[in-house]
Amino acid sequence: MTETVIHVEGLGKRYRVGERERYLALRDVLTRAFSAPLRRGPRRTPDYLWALRDVSFDISRGEVVGLIGRNGAGKTTLLKLLSRITRPTAGFAEVRGRVGSLLEVGTGFHPELTGRENIYLSGAILGMSKREIDRKQDAIVAFSGVERYLDTPLKYFSTGMQMRLAFAVAAHLEPEILFVDEVLAVGDLEFQKKCLGKMQDISESGRTIVFVSHQMNQIRRLCQRVLWVNDGQIREEGSAGKVIASYETSLMRGAQNGQGDAGASVFLGWEIAGEGNTLKDGLKQITLNFMVSPKAGVHRGHFGLHIYNDANLLVASWGFEEVMLEPGLQQLQIMLPYLPLRPGTYTILCSLYNGGNNLTGGHLLEVWNAIPFLAVDTLPLSHQQDNWAGLFNIPADLKTVARVEKKA
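Residues numbered from 1 in each chain as written. Predicted model: local features only at pLDDT ≥ 70, side-chain atom pairs only at ≥ 80, totals over all residues. Heavy atoms only, no water.

1. A short note on the overall build of the protein chain
(1) Moving on: Helices and strands together make up the secondary structure of the protein chain, namely eight helices and 18 strands.
(2) Moving on: Sequence separation of at least 24 residues holds for 73% of the intrachain contacts in the protein chain that already meet a minimum separation of 6.
(3) Moving on: Here the protein chain has roughly 22600 Å² of accessible surface; of this, 51% comes from carbon and sulfur atoms. (Helix = DSSP H or I, 4+ residues; strand = E, 2+ residues; numbered from the N terminus. Contact = heavy atoms within 4.5 Å. Areas by Shrake-Rupley, 256 points an atom, 1.4 Å probe, with all protein chains shown as cover.)

2. Considering the pairing of strand β16 (residues 344-354)
(1) Moving on: Counting buried positions along β16 gives 10 out of 11 residues, so the element sits mostly inside the fold.
(2) Moving on: Of the pairings in the sheet, the one linking strand β13 (residues 298-308) to β16 comprises seven bridges and is antiparallel in character. Its bridge partner lying in β16, H306 is registered against L349.
(3) Moving on: Bridge count for β16 against strand β18 (residues 374-376) is three bridges, and the pairing is antiparallel. Its bridge partner lying in β18, Y346 is registered against L374.
(4) Moving on: As defined by bridge partners, β16 adjoins strand β17 (residues 363-369) across six bridges and the pair is classed as antiparallel. Bridge assignment links N354 to a residue of β17, and that residue is H363. (Buried < 20%, exposed > 50% of the residue type's maximum accessible area, 1.4 Å probe, protein only. Pairing = 2+ DSSP bridges.)

3. A few points about empty space enclosed by the protein
(1) Moving on: Throughout the structure, instances matching the rule amount to one cavity of 30 Å³ or more.
(2) Moving on: There is about 40 Å³ of room inside the largest cavity.
(3) Moving on: What lines the largest cavity is simply R220, G241, A245, T278, G344, A375, V376 and D377.
(4) Moving on: Residue assignment for the lining of the largest cavity shows that the elements contributing at least two residues are α8 (240-256) and β18.
(5) Moving on: Each residue belonging to the lining of the largest cavity can be placed in one class, and the counts come to three nonpolar, three polar and two charged. (1 Å grid on protein atoms, 1.4 Å probe; cavity = no way out; pocket = protein on both sides within 12 Å on 5 of 7 lines; lining within 4 Å. Points joined across faces, edges and corners; volume = space filled by probe spheres on them. Nonpolar A, V, L, I, M, F, W, Y, C, P; charged D, E, K, R; others polar.)

4. A word on the confidence of the model for the protein chain
(1) Moving on: Summary statistics for the protein chain give a mean pLDDT of 83 and a share of 88% for residues scoring 70 or more.
(2) Moving on: Confidence, expressed as mean pLDDT per element, reaches its minimum in the protein chain at α8 with 70 and its maximum at strand β15 (residues 330-336) with 94.
(3) Moving on: Per-residue pLDDT stays below 50 along residues 256-264; that stretch engages in 14 contacts with residues further than four places along the chain or on separate chains. (pLDDT = per-residue confidence, 0-100.)

5. Digging into the side chain of T208
(1) Moving on: As for its position among the elements, T208 is in strand β7 (residues 208-212).
(2) Moving on: Looking at T208, its side chain comes within polar contact range of the main-chain nitrogen of G62, at 3.1 Å.
(3) Moving on: Each residue touching T208, except ones within four places of it in the same chain, is listed here: V5, I59, S60, R61, G62, E63, E176, I177 and L178. (Polar contact = N/O pair within 3.5 Å; in protein donor to acceptor, adjacent residues only side chain to side chain.)

6. Observations concerning the sheet that holds β15
(1) Moving on: Taking strand neighbours across the sheet as the criterion, the three strands line up as β10-β12-β15 in an open arrangement whose pairing is antiparallel. Edge positions in the open sheet fall to β10 (267-272) and β15, since each of these has one partner strand only. Across the sheet, the axes of successive neighbouring strands diverge by a mean angle of 20 degrees, strand direction being ignored.
(2) Moving on: Examined bridge by bridge, strand β12 (residues 286-292) and β15 share seven bridges and lie antiparallel to one another. Bridged to N289 within β15 is Q333. (Axes fitted to C-alpha atoms, helices over the stretch in contact; angles between N-to-C directions.)

7. Let's talk about the environment of A273
(1) Moving on: Tracing the sequence through the fold places A273 in the loop between β10 and β11 (278-279).
(2) Moving on: Those residues within four positions of A273 in sequence are excluded, and the remaining contacts are T287 and N289.

8. Remarks on unusual backbone geometry
(1) Moving on: Phi at R84 is positive, roughly 65 degrees, even though this residue is not glycine.
(2) Moving on: Position of R84 among the secondary structure elements: in the loop between α2 (75-82) and β4 (90-95).
(3) Moving on: At R300, a residue that is not glycine, the phi angle is positive and equals roughly 50 degrees.
(4) Moving on: On the secondary structure map, R300 appears in strand β13.

9. Description of helix α5 (residues 159-172)
(1) Moving on: Its 14 residues give α5 an end-to-end C-alpha distance of 20 Å, which sits within 8% of 20 Å, the value for a rise of 1.5 Å per residue.
(2) Moving on: Counting buried positions along α5 gives 12 out of 14 residues, so the element sits mostly inside the fold.
(3) Moving on: Following α5 by one or two positions, E174 has its phi on the positive side, about 55 degrees. (Expected span 1.5 Å × (residues − 1).)

10. A word on the pattern of salt bridges
(1) Moving on: Tallied over the full model, the rule gives 10 salt bridges.
(2) Moving on: Salt-bridge contacts for D134 lead to K130; the nearest nitrogen and oxygen are separated by 3.2 Å. A residue pair is termed a helical-turn pair when its members lie 3 or 4 positions apart in one helix, as D134 and K130 do in helix α4 (residues 130-144) at four residues.
(3) Moving on: Residue classification places D134 among the partly exposed residues on the basis of a relative accessible area of 34%.
(4) Moving on: Accessibility expressed as a relative area gives 57% for K130, which makes it exposed.
(5) Moving on: A salt bridge links E322 to R300, with the nearest nitrogen and oxygen atoms 3.0 Å apart. One end of the pair, E322, is in strand β14 (residues 314-325); the other, R300, is in strand β13, and 22 residues separate them in sequence.
(6) Moving on: Among the charged side chains, a salt-bridge network with shared partners connects E63, R225 and E237. (Salt bridge = Lys/Arg side-chain N within 4 Å of Asp/Glu carboxyl O.)

11. Let's talk about the packing of aromatic side chains
(1) Moving on: The full count for this structure, using the stated rule, is seven aromatic pairs.
(2) Moving on: Note on F303 and F320: the rings are 6.2 Å apart at their centroids and 20 degrees apart in plane angle, and the pair reads as stacked. With F303 in strand β13 and F320 in strand β14, the pair connects residues that are 17 residues apart, well separated along the chain.
(3) Moving on: Overall, the relative accessible area of 2% leaves F303 in the buried class.
(4) Moving on: Connected via pairs of aromatic rings, a cluster forms that spans F267, W270, F290, F303, F320 and W368. (Phe/Tyr/Trp six-rings, centres within 6.5 Å; stacked < 30°, edge-to-face > 60°.)

This is the structure:
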């Protein structure tokens, strides 16, 4: 059986809204006790917020698990509870193994100490001996890229430099479990690539990673399983592709404010033949089936099919003329030799005209935001950085060919 290293049951964290956390001395406690009878007026009812409530899951040794969700959903609170930074209000979490946490830039560092001294401080917090840290210090410094400033107090480091050093320490001191929050967004593209490669190496060595990111392609590349956190609870968990598709569909549906109409008079639904609404392989031939039921016949009509990505950018579009339809239920089939879209969630927009198109005086029957959305669950094949990955998911190979000198 696979060993469970993180067991969470009924976990919850409650905060009092508007209250500052104070550290009271004995003098403060006595003053408050003696002055209590003199206070007048009604007491204000406290306002509580459950940042996390009734969360339960298990993570096995060697798993790479992603946490996704909107800002404020409770992801960081969950990592803080697992890292023992804060205590739960309800439930419990068992974490078995040495933990390394990278939740906020500078966590575990002291601003007055130098970069080198902070390496030893973080190592000691993780329970490592000085000899272990001595052995790995060169690798940590080389990975972080801040060797020139290593003997400078940390308070003079930029945010990006602090994050570089913090990740290098957390990754090289061999924790059995590594918690990583959205701190990678601080680094430049080159360092993000190094961090993702290092986390891949850590996971392949049998250690466990819990990773928070708003970059869905990073989650797809690293994680086998994903937990979708919403309003302090686990809304869905499962394979990365399935859960990410549900999450992105929810975001796009919210952005459209319910403009899609599944009960339209002409369009009734759609599917990828044999695959539902999820595209598993964009490099093979696929068939898109659209179920329609026009009340009257369509003569020499126009059918428009448009695909938009999550940034509302048109990525593919087709127009079909001379469409002939009888009244009643029937199916429009669109055969595509391939559809190499990047992994993600896409909106399909359909239009149907009778007697021509919008330029030739045709009569518009309907414009339909297709429900459900198109989910592309394929392995990312383009550039590893989202900013450079483009629109399409096309494989490529690089080969170096020796230069051949032309003879005179």
